[in-house]
Amino acid sequence: MGRIFLQGANLIDGLHAPRKNHTVVIEGERISAVAADHEAPAPSANDTVFDLGGRSLMPGMVQCHYHVAYDNVRDLFDLDMRHPPTYLTLVAARNAKLLLQCGFTGAVGAGTLHNIDVTLKRAIENGLIEGPRFLACGRDVVTTGDSVDFHPSWWKLGMEGLGLICDGPDEFRKAVRDEIKQGVEIIKLYPTGGHGLTWPADIMTMTQEELNAAADAAHERGKKIRGHIVSKRGILAGLDAGLDVIDHCDMMDEVCIERLARQGTFVVPSLYFPYMMVEQKRRTGKAAFPGVEEMERGLEMSYRMLPKAQAAGVKLLVGDDFGTAAMPHGDYAKELEAYVNGAGISALEVIGWATRNGAELLGMKDDLGTIEAGKLADLLVVNGDPSADITLLQDRANLSVVMKGGAFVTCELSPATAAAQAA
Ligand SMILES: [Zn+2]
């Protein structure tokens, strides 16, 4: 089988500043060469050559807070009461394909039900459906009365909903082991309220002993664990337990930043929803709902802290609650704008969160996340330069190529023949 040549690229490789007139050669599922056009190997008659004409070439992105089975969620009951498992699995399969088409060649689950992440991962790996490389999450492992324990007791449901209810370290340990038995690779906890939940941010909804037991049970078996955490007290408790990912991290300050950087803990700020609400208020002069003012104060704090976290080397990620009514699936890349326009992080740095850092959370940093010879060819060709305008990534029409493991998911370019290129 011939090689694929992508010539004339504005190369955003994740290692250097963008470089014009570069060639990337793909052989099978991997990149075999990266060089300036005039130094690249010559294509032979068997090879397929594409001239990118100055379009940008960057690594595939990784959605690191992914709810593949959220479907137009308007209230808590929509999370697990509306659809039967079989229908919801088909919805999730559609979403997984859409994510890939939007340029996200990797995803890390942040809570699902009916073991859908594990099932989808298997179907994707077996070639049954199209979707991203996937780190599978399971149910939300929470305490009695937590925000995710929302079914009224008198309903006496007995169903396996989104929440897996545990109390005390022993029950958490057992629940985590049971999730791992089902194939889950990253466990989701809810140590605090806030960031849209029923309980406020400063309420701890897990004890330190429960957190430690859950984290130890995951790590003993080589799995990862993440937590929805908003308050400073919660962030420090999560750091003490050794969580791998802190989701949201709204009240992160300098003390938290120093420890997050030192421990190498990943952070998913997921600022898209508050960014969208505050921008709308600034544009129209009207708040969409009464909580927007408070949201704005929290957002300002995040805008101040994120550049400090970036400078300190905290491993920041992209990902948010897409699949809710306000944030439909397909809008994934809109989140990136919040960090550039709101927090003043450079577009190139945010691309690094979405690619290099995401690959590391997937556990694939030696295989993905940058464009280098030997790595897997998960690549995007973007019309224009997303390191100059991050919003280009929001429109799928700008993605003329999406490639996963050397295979085209999307290809809007016509190849030039090898002979014509060689002439
Ligand atoms: Zn979420």
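What counts, and at which threshold
- Residues numbered from 1 in each chain as written.
- Predicted model: local features only at pLDDT ≥ 70, side-chain atom pairs only at ≥ 80, totals over all residues.
- Helix = DSSP H or I, 4+ residues; strand = E, 2+ residues; numbered from the N terminus.
- Rg over C-alpha atoms; globule rule 2.2 N^0.38 Å.
- Buried ≥ 20, exposed ≤ 12 C-beta atoms within 10 Å, placed from the backbone.
- Core = buried A, V, L, I, M, F, W, Y, C linked by C-beta atoms within 7 Å.
- Domains from an automatic or database assignment.
- Pairing = 2+ DSSP bridges.
- Axes fitted to C-alpha atoms, helices over the stretch in contact; angles between N-to-C directions.
- Contact = placed C-beta atoms within 7 Å.
- pLDDT = per-residue confidence, 0-100.
- Parallel < 35°, antiparallel > 145°, perpendicular 65-115°, else oblique.
- Left-handed = near helix turned anticlockwise from the far one by under 90°.
- Nonpolar A, V, L, I, M, F, W, Y, C, P; charged D, E, K, R; others polar.
- Expected span 1.5 Å × (residues − 1).
- Arc of directions from axis to C-beta.

Scanning the protein chain for helices and strands turns up 11 helices and 18 strands. Taking 22 Å as the expected radius of gyration for a compact globule of 423 residues, we find that the protein chain reaches 22 Å, a close match to that expectation. Counting only C-alpha atoms, the protein chain reaches 75 × 45 × 40 Å along its principal axes. Burial analysis of the protein chain (423 residues in total) assigns 50% to the buried set.

The subject of this paragraph is the nonpolar core. The biggest cluster of nonpolar side chains holds 128 residues, and the ones touching the most others in it are Leu57, Val141, Ala214 and Val267. Broken down by element, the residue count for this core peaks at seven residues, all from helix α10 (residues 347–361). Per-domain counts for this core show at least three residues from each of domain 1 (4–60 + 370–422) and domain 2 (61–361).

On to the environment of Pro85. Structurally, the position occupied by Pro85 is in helix α1 (residues 85–101). Taking C-alpha positions, Pro85 is 43 Å from Glu258, a pair spaced 173 residues apart along the chain.

What follows is about the sheet that holds strand β7 (residues 104–109). One open sheet accounts for three strands, arranged β6-β7-β8; its pairing is parallel. The open sheet is flanked by β6 (61–66) and β8 (133–135), the only strands paired with a single partner. Adjacent strand axes in the sheet meet at a mean angle of 20 degrees, parallel and antiparallel pairs treated alike. Relative to β8, β7 runs parallel, the two sharing three bridges.

With that settled, the discussion passes to the environment of Val245. Structurally, Val245 is set in strand β13 (residues 245–248). Its 25 C-beta neighbours within 10 Å are what place Val245 among the buried residues. Along the backbone, Val245 and Cys64 are 181 residues apart, and their C-alpha atoms lie at a distance of 9.7 Å. Once you skip the residues sitting within four places of it in the chain, Val245 turns out to touch Arg226, Phe266, Val268 and Leu361.

Right, let's get into the confidence of the model for the protein chain. Across the protein chain, the average pLDDT comes to 95, with 98% of residues at or above 70. Of the regions scoring below 50 in pLDDT, residues 419–423 engages in six contacts with residues more than four places distant in sequence or in other chains.

Let us look at the domain arrangement of the protein chain. Entries for the protein chain in the domain assignment read domain 1 (4–60 + 370–422) and domain 2 (61–361). Taken over C-alpha atoms, the centre of domain 1 sits 31 Å from the centre of domain 2. At the junction of the two partners, domain 1 supplies 21 residues and domain 2 supplies 21 residues. Of all the elements in the fold, those that place two or more residues in the side of domain 1 that touches domain 2 are β5 (56–59), β17 (399–404) and β18 (407–411).

Once that is clear, we can look at the packing of helix α4 (residues 208–220) against helix α5 (residues 232–241). The packing of two helices is summarised by the inter-axis angle and the distance between the axes. Between α4 and α5, whose axes approach to 9 Å, the crossing angle comes to 40 degrees. Between α4 and α5, the angle falls in the class oblique. In this structure, the crossing between α4 and α5 has a hand that is right-handed. Residues Gln208, Leu211, Asn212 and Ala215 of α4 form the contact with α5, whose own contacting residues are Ala237, Gly238, Asp240 and Ala241. Tallied by class, residues from the contact of α4 with α5 come to four nonpolar, three polar and one charged.

Here the focus is α1. The first and last C-alpha atoms of α1 sit 24 Å apart over 17 residues, in line with the 24 Å expected at 1.5 Å per residue. Those residues of α1 that sit buried are Leu88, Ala92, Ala93, Asn95, Ala96, Leu99 and Leu100. Each buried residue of α1 sits inside an arc of 170 degrees when the element is viewed along its axis, so together they form one side. In this structure, α1 carries Thr86, Tyr87 and Leu90 as exposed residues pointing more than 90 degrees from its buried face. Taken together, the buried residues of α1 touch β6, β7, α2 (116–125), β17 and β18. Just past α1, the residue Gly103 takes up positive phi, approximately 100 degrees.

Now for the sheet that holds strand β15 (residues 315–316). Taking strand neighbours across the sheet as the criterion, the seven strands line up as β10-β9-β11-β12-β13-β14-β15 in an open arrangement whose pairing is parallel. Bordering the open sheet on either side are β10 (163–165) and β15, each of which pairs with just one other strand. Bridge count between strand β11 (residues 186–189) and strand β12 (residues 224–229): four bridges; the pairing is parallel. Residue pairing across strands places Ile187 opposite Ile225, the latter belonging to β12. Against the sheet, α5 makes contact with β12 and β13, and its axis sits at roughly 170 degrees relative to β12, the strand it touches most.

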